[in-house]
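What the coordinates show
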Amino acid sequence: MAILRRVDAREINDLRKVLISACLLGKKVRYDGGALAVADQIVERWRSEGRIVSVCPEVEAGMSTPRPPAEIFKGSGEGVLNGEVDVIEKGGAKVTNDFLAGASIALNLCRKFDISVAILAEFSPSCGSSAINDGGFSGKKVPGMGVTAALLREHGVQVFSQYEIAAANNALIGEIV
């Protein structure tokens, strides 16, 4: 006979998954073939608990590594989602559809694993959560979100950057407690 036990909110919370940009986990998937690995105790704990779902929207959409740098031209992720602006590679090739496909894949992962908190790489045209490059390949940062960050937020996922891991952890804990 199976014995049922009561599961408290803390245990349920401990099972929650977190979506994290693959480059932040040390995977060499950035446009330049590099990574942005973060050394953080919270991320390491999540990793040991099997809570991390890794994604690189561009690679998931079939883009190569390395690849030409891309930026959102005269806008941000919300504008891309609304069909108002494009994502352009340095050199002029339009890669908007690749970025939309990658964002959709990330959203599907959130749905599949019931993820409501994501940590994405700041300044990326996919993953930037509060700032992205200005679209002129000048290195200038402007307020705005990348395509994936905008889509996830539009669907209720709380999106944080690699500089906000403690806040993401607090959001995760606050969900169920």
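Let me begin by describing the structure that accompanies this report. All figures in this text were calculated on a predicted structure; none of them were measured in a lab.

1. Here we look at the sheet that holds strand β1 (residues 18-21)
Within the open sheet, the four strands sit side by side as β2-β1-β5-β8. Their pairing is parallel. The open sheet has two edge strands, β2 (52-55) and β8 (158-161), and neither has a second partner. Adjacent strand axes in the sheet meet at a mean angle of 25° when their direction is disregarded. Docked against the sheet, helix α6 (residues 147-154) engages β1, β5 (117-120) and β8, running at close to 170° with respect to β5.

2. A look at the layout of surface pockets
The space that makes up the largest pocket amounts to roughly 460 Å³. Along the wall of the largest pocket there are 30 residues; nearest its centre are R30, Y31, F123, S124 and P125. Among the elements of the structure, α3 (57-60) and β3 (70-72) are those that each provide at least two residues to the lining of the largest pocket. Of the residues contributing to the lining of the largest pocket, the split by class is 18 nonpolar, five polar and seven charged.

3. Thoughts on the pairing of β1
Burial of the side chains of β1 extends over both faces: V18 and I20 are buried on one face and L19 and S21 on the other. In terms of strand pairing, β1 meets β2 through four bridges, oriented parallel. Residue pairing for β2: V18 is matched across the bridge by I52. Taken together, the two bridges between β1 and β5 define a ladder with parallel strand orientation. Along β5, the bridge assignment pairs I20 with I119.

Criteria and cut-off values
Residues numbered from 1 in each chain as written. Predicted model: local features only at pLDDT ≥ 70, side-chain atom pairs only at ≥ 80, totals over all residues. Heavy atoms only, no water. Pairing = 2+ DSSP bridges. Helix = DSSP H or I, 4+ residues; strand = E, 2+ residues; numbered from the N terminus. Axes fitted to C-alpha atoms, helices over the stretch in contact; angles between N-to-C directions. Contact = heavy atoms within 4.5 Å. 1 Å grid on protein atoms, 1.4 Å probe; cavity = no way out; pocket = protein on both sides within 12 Å on 5 of 7 lines; lining within 4 Å. Points joined across faces, edges and corners; volume = space filled by probe spheres on them. Nonpolar A, V, L, I, M, F, W, Y, C, P; charged D, E, K, R; others polar. Buried < 20%, exposed > 50% of the residue type's maximum accessible area, 1.4 Å probe, protein only.

All we've got here are geometric facts, nothing functional implied.
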